[in-house]
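# Fold and contact review
Each chain, letter by letter, is given below.
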Amino acid sequence: MAKRDYYEILGVPRDADEKALKGAFRALAMKLHPDRNPDDDEAEHKFKEVGEAYEVLKDPQKRAAYDRYGHQIFENGGGGAGAAGGFGSFTDIFEDIFGDFMGGGGARRGGRERGSDLRYNLEISLEEAYSGKSVEIEVPSSVSCDTCSGSGARPGSSPSTCQTCGGAGRVRATQGGFFHIERTCPSCQGRGETITDPCEKCSGAGRVTQTRNLSVNIPAGIEDGTRIRLAGEGEAGVRGGPTGDLYIFLSLKPHSFFQRDGADIFCRAPVSMTTASLGGEFEVPSVDGGKTRVKVPEGTQTGKQFRLKGKGMPVLRTHNFGDMYVQIVVETPRNLTKRQRELMEEFERVQSEENNPDSAGFFARVKDFFENLGE
């Protein structure tokens, strides 16, 4: 009986990439697995076909040979999936793809488990982000037990090799007569070692909880949401395993005056109607703690922005600075006295369209709009 085309078996085109091949194989292998199809000889046969096809097509050299010569390249000792023993590697293929689901991908061997990473949330002010600073923080975490030196065993004794898995941390079970699945060893939980005489201080964990004081350097110009990694400052590993890392997540406190956008900062400054009309100047604080004078030309309108070059935040790890933008808001007078009202009314009588060109133009367009509606 002639063999089916490998691409047809997997249901992929001949130009399928590695990702498509792997996805097709995974879906078919799950569907046709003997455990899901007990007493179904046809499903088992197709399951083997899928494994044979993927074994060839996943290998660039075998795939190139198959594309050129077809099945005959693997016959008569050609070294392909169709030869005796060729399908034996399918177990490894399946474990490579499904290892995480079958318990093999996360197995821990040798008893030494890496410590967990830690997160510390740190809030600083905009001024501190401008100048940079060194911060002392307290971090509660697990550290290596000094009594047993992290081994977990009472001083004078040592962990012993797990009798169930022989130190591998995994045990293998056979299903279907040819398919092998590895699982985490239930006796040692994947560590490969057992402790019969645990350390009294750490109860065999090899680590204890302790609060540590650390110094964190905050560079000038750092931005909100930045993450700082302190390698090896996380939790101690289990029984002498490598230490995890500590991640500092920075956030900036809301500022009463400034808003920040990257290296630039923004603020709004209300000015009186007379200052906006006649011109003038005023002082605003700058983020470096100083003062900056802003000159307002006559006729300034609300929304006008003034750029103060170099008065923004430092750019991280450079000698450059952003800019500061001051936006003008013209304040309308309120709570007028009788005399002030008289002066305002007198000004209203003597002003012309030239004094208010925007409003004059707007209401002229409004008039034209209504006149056109009536036509």
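The paragraphs below set out a description of the structure included in this document. Source: prediction; values computed, not measured.

### Things to note about the packing of helix α2 (residues 18–32) against helix α3 (residues 41–57)
Look at α2 against α3: their axes get within 9 Å of each other, and the N-to-C directions meet at 160°. Taken together, the axes of α2 and α3 are roughly antiparallel relative to one another. Here the hand of the crossing between α2 and α3 comes out left-handed. Residues L21, K22, F25, L28, A29 and L32 of α2 form the contact with α3, whose participating residues are A43, K46, F47, V50, G51, Y54 and L57. Among the residues making up the contact of α2 with α3, the classes are represented as 10 nonpolar, one polar and two charged.

### A short note on a nonpolar patch on the surface
Together, M273, L336 and M344 make up a nonpolar patch on the protein surface, roughly 200 Å² of accessible area in all. On the secondary structure map, M273 appears in helix α7 (residues 273–278). For M273, a relative accessible area of 30% corresponds to the partly exposed category.

### Considerations on α2
Over its 15 residues, α2 runs 21 Å from end to end, which matches the ideal 21 Å to within 8%, given 1.5 Å per residue. Inspection of α2 places L21, A24, F25, A29 and L32 among the buried residues, and these make up the whole buried set. Along α2, the residues classed as buried sweep out an arc of 125° about the axis, all on the same side. Turned more than 90 degrees off the buried face of α2, the exposed positions are K19 and K31.

### Examining the environment of D261
Mapping D261 onto the fold places it in strand β10 (residues 259–261). Taking the C-alpha atoms as reference points, D261 and G312, separated by 51 residues in sequence, lie 9.7 Å from one another.

### Considering the pattern of salt bridges
With the rule as written, the count across this model stands at 21 salt bridges. Between R4 and E8 there is a salt bridge, with the nearest N and O atoms lying 3.9 Å from each other. The salt bridge partner of E128 is K133, with a shortest N-O separation of 2.7 Å. What makes E128 partly exposed here is its relative accessible area of 24%. The exposure class of K133 is partly exposed, given its relative accessible area of 30%. Each of R114, D117, R229 and D245 takes part in salt bridges that share partners, so that together they form one network.

### Some thoughts on the pairing of strand β11 (residues 264–272)
The two faces of β11 differ: I265, C267, A269 and V271 on one face are buried, but D264, F266, R268, P270 and S272 on the other face are not. Across three bridges, the pairing between β10 and β11 is antiparallel. Note that in β11 the partner of Q259 across the bridge is F266. Counting the residues in the hairpin turn of β10 and β11 gives two residues, including G262, whose phi is positive at 65°. Relative to strand β15 (residues 324–331), β11 runs parallel, the two sharing eight bridges. Counted as the bridge partner of C267 is V326 from β15.

Conventions and cut-offs
Residues numbered from 1 in each chain as written. Predicted model: local features only at pLDDT ≥ 70, side-chain atom pairs only at ≥ 80, totals over all residues. Heavy atoms only, no water. Axes fitted to C-alpha atoms, helices over the stretch in contact; angles between N-to-C directions. Helix = DSSP H or I, 4+ residues; strand = E, 2+ residues; numbered from the N terminus. Parallel < 35°, antiparallel > 145°, perpendicular 65-115°, else oblique. Left-handed = near helix turned anticlockwise from the far one by under 90°. Contact = heavy atoms within 4.5 Å. Nonpolar A, V, L, I, M, F, W, Y, C, P; charged D, E, K, R; others polar. Patch = residues over 30% accessible without salt bridge, like charges linked within 9 Å, V, L, I, M, F, W, Y side chains within 5 Å. Areas by Shrake-Rupley, 256 points an atom, 1.4 Å probe, with all protein chains shown as cover. Salt bridge = Lys/Arg side-chain N within 4 Å of Asp/Glu carboxyl O. Buried < 20%, exposed > 50% of the residue type's maximum accessible area, 1.4 Å probe, protein only. Expected span 1.5 Å × (residues − 1). Arc of directions from axis to C-beta. Pairing = 2+ DSSP bridges.

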